[in-house]
Amino acid sequence: MSGLAWNSAERQEHQLCRIVCESAAVRVSASPTGNGMRLKLESERSSTQVLLDATVLDALCHLTPERAVELVRERTETGALGLPDRTTP
């Protein structure tokens with residue numbers, strides 16, 4: 001559904017859950033935008049956030065366990081995934 005057709009209750013962000021482990025905590029919300037619903041992830045440690053659409057979520061479903069471990073290792077060991085660190089201004 002397009003964000004333009006939502007009523008006021010549907011336009012509000014809804015917190016879905018909080019996922020925590022020994023090294024991270026992330027809040028997960030459903031966030032309506034003008035282009036449809038997005039999954040919003042927010043790191044409690046760094047306060048960074050990202051909005052993911054269905055295309056990105058579908059791509060994540062195809063990650064192998066090995067590639068997922070590589071991504072985590074790259075982020076935790078080098079602080080970047082070949083991209084600028086979004087936690088610094």
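What comes next concerns the included structure.

Describing the overall build of the protein
Thought 1: Scanning the protein for helices and strands turns up two helices and four strands.
Thought 2: By residue count, 16% of the 89 residues in the protein fall in the buried class.
Thought 3: Considering only residue pairs separated by 6 or more positions, the protein has 17% of its internal contacts joining residues 24 or more positions apart.
Thought 4: Total accessible area on the protein stands at roughly 6700 Å², and carbon and sulfur atoms take up 57% of it.

Quick word on the pairing of strand β4 (residues 49-52)
Thought 1: The pairing of strand β3 (residues 36-43) with β4 spans four bridges and is classified as antiparallel. Bridge pairing links Leu-39 to Leu-52 in β4.
Thought 2: Count of turn residues in the β3/β4 antiparallel hairpin: five residues, of which Ser-47 carries a positive phi of about 65°.

Comments concerning a nonpolar patch on the surface
Thought 1: Taken together, the side chains of Val-56, Leu-60 and Leu-63 present a nonpolar region at the surface, about 210 Å² in accessible area.
Thought 2: Locating Leu-60 in the fold gives a position in helix α1 (residues 54-61).

Here is what the cut-offs are and how they apply
Counting from 1, residues in each chain are numbered in the order their sequence is written. Where local features are concerned, this predicted model is filtered to residues with pLDDT of at least 70; where side-chain atom pairs are given and counted, the filter is 80 or more; whole-chain, interface and lining totals use all residues. As a convention, hydrogens and water are excluded, and side-chain values are obtained from all of the structure's heavy atoms. For the purposes of this entry, the term helix denotes a DSSP run of H or I that reaches at least four residues, the term strand denotes a run of E that reaches at least two, and both are numbered from the N terminus. The buried label applies to any residue whose accessible area, calculated with a 1.4 Å probe on protein chains only, is under 20% of its type's maximum; exposed applies above 50%, and partly exposed to all values in between. Whether two residues are in contact is decided by their heavy atoms, any of which lying within 4.5 Å being enough. Per-residue and other accessible areas follow the Shrake-Rupley method at a 1.4 Å probe size, with only the shown protein chains counted as cover for residues. Following DSSP output, two strands are said to pair if at least two bridges run between them. Only residues above 30% relative accessible area that lack a salt bridge enter a patch, with like-charged residues linked at up to 9 Å and the nonpolar side chains Val, Leu, Ile, Met, Phe, Trp and Tyr linked at up to 5 Å. Here a salt bridge means any side-chain nitrogen of Lys or Arg lying within 4 Å of a carboxyl oxygen belonging to Asp or Glu.

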